[in-house]
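Per-entry structural report
So the chains spell out like this:
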Amino acid sequence: MRNPRRTAELTTGRTNREIAERLYITPRTVATHIEHILTKLDLPNRAAAAARAATWGIAPSP
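Residues numbered from 1 in each chain as written. Predicted model: local features only at pLDDT ≥ 70, side-chain atom pairs only at ≥ 80, totals over all residues. Heavy atoms only, no water.

Of the residues in the protein, 85% have a pLDDT of 70 or more, and the chain-wide mean is 85. Within the protein, helix 3 (residues 27-41) carries the highest mean pLDDT (92), whereas helix 1 (residues 4-10) carries the lowest (70). (pLDDT = per-residue confidence, 0-100. Helix = DSSP H or I, 4+ residues; strand = E, 2+ residues; numbered from the N terminus.)

See the structure below:
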């Protein structure tokens, strides 16, 4: 995973807007990153991506 921090943010249950504020990017950029993560990992939704990140031990910074 090129940028695990973006994937880690999925595990928090935050909205795109909340993630965008934490990463200093736009909500649309967050949506695009999430779309690419889901496609790359062949996952159906954010919950599945969060579960995968958890199994890999990827966790968000506080």
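It is at 8 Å that the axes of helix 2 (residues 16-23) and helix 3 come closest, and there the two elements cross at 105 degrees. Considering the angle they form, helix 2 stands roughly perpendicular to helix 3. Counted together, N16, R17, I19 and A20 of helix 2 and P27, V30, A31 and I34 of helix 3 form the full contact between these two elements. When the residues that make up the contact of helix 2 with helix 3 are grouped by side-chain class, the tally is six nonpolar, one polar and one charged. (Axes fitted to C-alpha atoms, helices over the stretch in contact; angles between N-to-C directions. Parallel < 35°, antiparallel > 145°, perpendicular 65-115°, else oblique. Contact = heavy atoms within 4.5 Å. Nonpolar A, V, L, I, M, F, W, Y, C, P; charged D, E, K, R; others polar.)

This brings us to unusual backbone geometry. Backbone geometry at Y24 places phi at a positive 60 degrees, although glycine is not the residue there. Looking at where Y24 falls in the secondary structure, it is placed in the loop between helix 2 and helix 3. What makes Y24 exposed here is its relative accessible area of 77%. Within the chain, D42 stands out as a residue other than glycine whose phi angle is a positive 55 degrees. Tracing the chain through its elements places D42 in the loop between helix 3 and helix 4 (46-55). (Buried < 20%, exposed > 50% of the residue type's maximum accessible area, 1.4 Å probe, protein only.)

Attention now goes to the nonpolar core. Judged by nonpolar contacts, L10, I19, A20, L23, V30, I34, I37, L38, L41, L43 and A49 together constitute the single largest core of 11 residues. At the level of elements, helix 2 and helix 3 are the ones that each hand at least two residues to this core. Discounting chain neighbours no more than four positions away, the residues touching L38 are L43, N45, R46 and A49. (Core = buried A, V, L, I, M, F, W, Y, C linked by side-chain atoms within 4.5 Å.)

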